[in-house]
Amino acid sequence: MSQRSLEADLERARDLSVPDLADAIEAIGFECTRCGACCKSEGSTEGAALGDASDEAEDPHTATVFPDEVRALQAATEREFDHEYDWRDVARPMPYGLTEGPDGPAGETFEWALQTDACGDCTFYEEAADGTGACTVHDDRPLICETYPFSVVLDGDELGSQPMGQAVDREGPVRAHECEGLGRDISREGAEELARALKRRAVRELKEAIGVRDHYTPTDPGGEVVVHDSEGAKDRDGRPWGADSGTETT
């Protein structure tokens, strides 16, 4: 996408009408049933709902998390669990573009995904004995989680990279993705809250895309993983690439 189109899309995102988005959400309907499908790697196509559109079975849960959101989650873990998670405990490199080498994944990729546990579920997901799911950092969850199962369309074009799979419903500028909570009544207050979050996400995704574009410099990973985000190139620990050797990429 060209520089002009990214900036133009950002202006369109900033001009989105919260009441119009709320109208669309009300028309579709939604209530979270706490089934946990969007946080888990197994169970149904809903379990891969926050995975890549290809829904590859080996890596279904790839919810995008931006650098500032990673730091917010680190702060949340310190409050909730009395110790701050390391960057790797919160986020992992987006797997797309990486290759498996003798010492593990290697190559260049863009952006971060929420970390997963040994089962492939989001590391912040927990489940009660009755099967009800919950997020242990709910108040600090990333925008992609806060707005699921909805996303926004600008002038018929999808916003950036949205790893949420195919839409199953659409009303005006709002798309709805597979979720058992769709079609349920939602209050106007709830619809407007979701609408405001959707607008924030639309703006945030485009600002991130512009930042990635402006900071990107091709890098030789040398058998390691390099992640390019809006702050520049980083290693797997979230540190500036080359910082240890004094060759930091900016």
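These lines cover the structure that appears in this document, whether it is placed above or below. Residue indices begin from 1 for each chain and proceed along its sequence in written order. Under the rules for a predicted model, residues below a pLDDT of 70 receive no local features and side-chain atom pairs below 80 are neither given nor counted, while totals for whole chains, interfaces and linings still include all residues. The basis for the side-chain values is all heavy atoms of the structure; hydrogens and waters are excluded.

### Brief notes about the environment of Leu 16
Applied cut-off: Helix and strand labels come from DSSP, where a helix needs a run of H or I of at least four residues and a strand needs a run of E of at least two; each type is numbered from the N terminus. Two residues qualify as a contact provided that any one of their heavy atoms is within 4.5 Å of a heavy atom in the partner residue.
Mapped onto the fold, Leu 16 is located in the loop between α1 (3–14) and α2 (18–28). Counting along the chain gives 179 residues from Leu 16 to Ala 195, while the straight-line C-alpha distance between them is 9.6 Å. Leaving out residues up to four positions away in the same chain, Leu 16 has contacts with Leu 21, Val 152, Leu 154, Lys 199 and Ala 202.

### As for empty space enclosed by the protein
Filter applied, for reference: Within this scheme a cavity is a closed region of a 1 Å grid, computed over the protein atoms alone, that accommodates a 1.4 Å probe without allowing it to escape, whereas a pocket is open but has protein on both sides within 12 Å along at least five of seven lines; lining residues each have an atom within 4 Å of a point. Grid points are joined across faces, edges and corners, and a volume is the space filled by probe spheres set on the points. Residue type decides the class: Asp, Glu, Lys and Arg count as charged, Ala, Val, Leu, Ile, Met, Phe, Trp, Tyr, Cys and Pro as nonpolar, and the leftover types, Gly among them, as polar.
Within the structure shown, the criterion is met by 1 cavity of 30 Å³ or more. Taken as a whole, the largest cavity holds about 40 Å³ of empty space. Lining the largest cavity are Thr 64, Phe 66, Glu 69, Leu 143, Ile 144, Arg 201 and Glu 205. Elements that contribute at least two residues to the lining of the largest cavity include exactly α5 (143–147) and α6 (188–215). Across the lining of the largest cavity, the residue classes break down as 3 nonpolar, 1 polar and 3 charged.

### Topic: unusual backbone geometry
Residue Pro 149 follows Tyr 148 across a cis peptide bond; omega there is 15 degrees. Tracing the chain through its elements places Pro 149 in the loop between α5 and β8 (150–154). For Arg 34, which is not glycine, the phi torsion reads 60 degrees and is therefore positive. Checked against the element boundaries, Arg 34 lands in the loop between α2 and β1 (64–65). Even without glycine at this site, Glu 111 takes up a positive phi of about 75 degrees. Positionally, Glu 111 belongs in the loop between β4 (104–110) and β5 (112–114).

### Considering the pairing of strand β11 (residues 174–177)
Applied cut-off: The buried label applies to any residue whose accessible area, calculated with a 1.4 Å probe on protein chains only, is under 20% of its type's maximum; exposed applies above 50%, and partly exposed to all values in between. Here, strands pair whenever DSSP counts at least two bridges between them.
Both faces of β11 are covered, namely the face carrying Val 174 and Ala 176 and the face carrying Arg 175 and His 177. Strand direction decides the pairing type here: β8 and β11, joined by 3 bridges, are antiparallel. Residue pairing in the sheet places Ser 151 in a bridge with Arg 175 of β11. Counting the residues that bridge the hairpin from strand β10 (residues 167–171) to β11 gives 2 residues, and of these Gly 172 lies at a positive phi of roughly 60 degrees.

### Here's the deal with the nonpolar core
Quick note on the threshold: Only buried residues count toward a nonpolar core. Its members are Ala, Val, Leu, Ile, Met, Phe, Trp, Tyr and Cys residues joined through side-chain atoms within 4.5 Å.
In terms of nonpolar packing, the biggest core is built from 26 residues, with Leu 21, Ile 25, Phe 150, Val 174 and Leu 198 touching the most fellow members. At the level of elements, α1, α2, β8, β11 and α6 are the ones that each hand at least two residues to this core. Looking at this core, the element that brings in the most residues is α6, giving 8 residues. The next biggest cluster of nonpolar side chains, apart from the first, holds 19 residues, and it includes Val 65, Leu 98, Trp 112 and Leu 114.

### Looking at the sheet that holds strand β13 (residues 232–234)
Sheet strands pair by backbone hydrogen bonding; their relative direction is either parallel or antiparallel. What counts is decided by this rule: Only C-alpha atoms enter the line fits that serve as axes; for helices the fit covers just the stretch in contact. Angles between N-to-C directions range over 0 to 180 degrees.
Strand order across the open sheet formed by 4 strands is β3-β4-β12-β13, with mixed pairing between neighbours. Whereas interior strands pair on both sides, the edge strands pair on one side only; in this sheet they are β3 (99–101) and β13. Averaged over all pairs of adjacent strands, the angle between their axes in this sheet comes to 25 degrees, without regard to strand direction. Here β3 runs beside β4; their pairing, made up of 3 bridges, is antiparallel.

### Section: the layout of surface pockets
Approximately 870 Å³ is the volume attributed to the largest pocket. Among the elements that line the lining of the largest pocket, the one with the most residues is α6, at 4 residues. Residue composition of the lining of the largest pocket, grouped by class: 22 nonpolar, 7 polar and 7 charged.

### Section: a negative patch on the surface
Selection rule: Think of a patch as exposed residues, more than 30% relative accessible area, with no salt bridge, where like charges cluster within 9 Å and nonpolar side chains (Val, Leu, Ile, Met, Phe, Trp, Tyr) cluster within 5 Å. Residue burial considers only the protein chains on display, and all accessible areas are found by Shrake-Rupley using a 1.4 Å probe. The rule for a salt bridge is simple: a side-chain nitrogen of Lys or Arg has to be within 4 Å of a carboxyl oxygen of Asp or Glu. Note that His is not counted, nor are the chain ends; the positive residues are Lys and Arg, and the negative ones are Asp and Glu. To locate a charge, the coordinates of NZ of Lys, CZ of Arg, CG of Asp or CD of Glu are taken.
A cluster of acidic residues, Glu 78, Asp 82, Glu 84, Asp 86 and Asp 89, forms a negative patch on the protein surface. In this fold, Glu 78 is placed in helix α3 (residues 67–81). Judged by its relative accessible area of 44%, Glu 78 is partly exposed.

### Topic: the pairing of β10
Alignment of β10 against β11, held across 4 bridges, turns out to be antiparallel. Within β11, the residue paired with Glu 171 across the bridge is Val 174.

On their own, these measurements won't tell you what the molecule is for.
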